[in-house]
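Reading the structure
Given next are the chains, with one letter for each unit.
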Amino acid sequence: MDSDNQETIYRSPTPEWTLKIIDGFDTGKVFILRDSQEYTIGRKNCDIILNQQDMKASRLHARLEIKKAQPFLENLSQTTATYVNNSPIKKIIKLKAGNKIGIGDTVFVIERTGASKRENKINVKLIGVGACVFILMLVILKIIWNPQPSPVKLPDEPTPSEQPTVMPTIINTPSVSPPPTLAPTKKPVPPINKEKADELFRQGRIFYKNGNLKKAIGFFETASQYPDHPYASEYLERARNELEKKINQLVTQAEQAKKLVKNDRAKHLLREIIELLSDKPQDKRYVEAQNKLRELENR
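Residues numbered from 1 in each chain as written. Predicted model: local features only at pLDDT ≥ 70, side-chain atom pairs only at ≥ 80, totals over all residues. Heavy atoms only, no water.

**Quick notes on the confidence of the model for the chain**
The cut-off we apply is this: Think of pLDDT as the predictor's per-residue confidence, scored from 0 to 100. Any pair of residues with heavy atoms lying within 4.5 Å of one another is described as a contacting pair.
In the predicted model, the chain carries a mean pLDDT of 79, and the fraction of residues at 70 or more is 76%. Counted against residues more than four places away or in other chains, residues 1-13, with its pLDDT under 50, gives 24 contacts. Considering only residues more than four positions removed or in separate chains, one finds that residues 116-122, a stretch of pLDDT under 50, has 4 contacts.

If you want it as structure tokens, here you go:
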């Protein structure tokens, strides 16, 4: 793996998982994975680069992400499957320690590191003793602070002859019907299922990787209609932020080109701004880009 890829993999301070090649090319090679990081796997321009002789692997074959200390794997290849324990995966799956991942002729095994294993150990015996002591203390405090109340002596009731005779008063109260019970509103059913959401998310990821942020946002928006999808909303927000940044950069570049009287360059940039903001005709940048383009074309 080249130096750039190593810098990508080692940017997080705490190791969580390791990915080791156990069969195929480069057997014995180990990659250290960090929490809250994602890694692309393939033969070219990836974080984890496979041997170039592994022709069954695609240039961009799979994506592995460590999220909240748990690994998730996704197949990105359009021609070749990604296997987990000899079974092809059709959607994003959560991996477990010891799972074997097959990509082309290369087989990996994913393992949790020793440091994270120690962090996850729980002293069950100590917890049990602590729970017993806590319950015993609660019982003692209840006995001390909640003594049995002494019986209260009630005054002697008068005899029937001593009791005054009172005629009962009858009041006709109008009958009031109870307020109607409103039925609970049902939560709308998501318009797409998880399989469809996964497919849309994968297509959005392809456009996102290729820099077509507007199309990527469309796929991510539809995929996020399934509320339990683990990545759609996150990538939707990320793509929107990057698109805003790109539009602002184009606005600055267009202004500079206009000042330098590079009219063809300015026109090209203004048309690109209008295209990216075509679904937001009220945006100030969209209106200004149209006016400036019209001004340049009328010269």
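**Considering the pattern of salt bridges**
Rules: Whenever a carboxyl oxygen of Asp or Glu lies within 4 Å of a side-chain nitrogen of Lys or Arg, that contact is scored as a salt bridge. Every helix listed is a DSSP run of H or I at least four residues long, and every strand listed is a run of E at least two residues long, numbered separately from the N terminus. Buried means the residue's accessible area, taken with a 1.4 Å probe over protein chains only, is under 20% of the maximum for its type, while exposed means over 50%, and partly exposed covers the values in between.
On inspection of all chains with the given rule, the structure shows 16 salt bridges. With a shortest N-O distance of 3.2 Å, Glu 199 and Arg 202 are connected by a salt bridge. Separated by 3 residues within a single helix, Glu 199 and Arg 202 lie in helix H4 (residues 194-209), roughly one turn from each other. With a shortest N-O distance of 4.0 Å, Glu 244 and Lys 280 are connected by a salt bridge. In this pair, Glu 244 sits in helix H6 (residues 232-259) while Lys 280 sits in the loop between helix H7 (263-276) and helix H8 (284-297), placing the two residues 36 residues apart along the sequence. The partly exposed category is assigned to Glu 244, whose relative accessible area is 30%. Lys 280 sits in the partly exposed class, given a relative accessible area of 40%. A single network of salt bridges, built from pairs that share partners, joins Glu 38, Arg 63, Glu 65, Glu 74 and Arg 205.

**Observations concerning the packing of H6 against H7**
Rules: Axes, fitted as lines to C-alpha atoms, cover a helix only where it is in contact. Angles between the N-to-C directions of the axes lie from 0 to 180 degrees. Angles are sorted into four bins: roughly parallel if under 35 degrees, roughly antiparallel if over 145, roughly perpendicular if 65 to 115, and oblique for all others. Each crossing is labelled by how the near helix is turned from the far one, with a counterclockwise turn of less than a right angle marking it left-handed and a clockwise turn marking it right-handed. Put simply, Ala, Val, Leu, Ile, Met, Phe, Trp, Tyr, Cys and Pro go in the nonpolar bin, Asp, Glu, Lys and Arg in the charged bin, and everything else, Gly too, in the polar bin.
Two numbers describe how H6 lies on H7: the axes approach to 8 Å, and their chain directions differ by 155°. Judged on the interaxial angle alone, H7 and H6 are roughly antiparallel. The two elements H6 and H7 cross, and the hand of that crossing is left-handed. For the pair H6 and H7, the contacting residues are Leu 243, Lys 246, Ile 247, Leu 250, Val 251, Gln 253, Ala 254, Ala 257 and Lys 258 in the first and Arg 265, Ala 266, Leu 269, Leu 270, Glu 272, Ile 273 and Leu 276 in the second. Of the residues contributing to the contact of H6 with H7, the split by class is 11 nonpolar, 1 polar and 4 charged.

**Considering the packing of aromatic side chains**
To keep things clear, this is the line we draw: Classification of ring pairs uses Phe, Tyr and Trp, with its six-membered ring standing for Trp, and accepts pairs whose centres are within 6.5 Å; under 30 degrees between planes counts as stacked, over 60 as edge-to-face, and the remaining range as tilted.
Evaluation of the coordinates by the stated rule reveals 9 aromatic pairs. Seen in terms of ring centroids, Phe 201 and Tyr 231 are 6.0 Å apart; in terms of plane orientation they differ by 25°. Their pairing is stacked. You can see Phe 201 sitting in helix H4 and its partner Tyr 231 sitting in the loop between helix H5 (213-223) and H6, a full 30 residues away along the chain. Per residue, the accessibility class of Phe 201 equals that of Tyr 231, and both read buried. Ring centres of Phe 207 and Phe 219 lie 5.5 Å apart, and the angle between their planes is 10°; this geometry places the pair in the stacked category.

**Here we look at the side chain of His 229**
Which entries qualify depends on this criterion: Any pair of N or O atoms that falls within 3.5 Å is considered a polar contact. Within protein, one atom must be able to donate a hydrogen and the other to accept it, and sequence-neighbouring residues count only if both atoms are side-chain atoms.
Looking at the element boundaries, His 229 is found in the loop between H5 and H6. Judged by relative accessible area, His 229 falls into the buried class, the value being 7%. Within the structure, the side chain of His 229 is placed 3.2 Å from the backbone nitrogen of Ala 232, a separation counted as a polar contact. In this structure His 229 touches Ala 197, Asp 198, Phe 201 and Ala 223, once residues within four positions along its chain are discounted.

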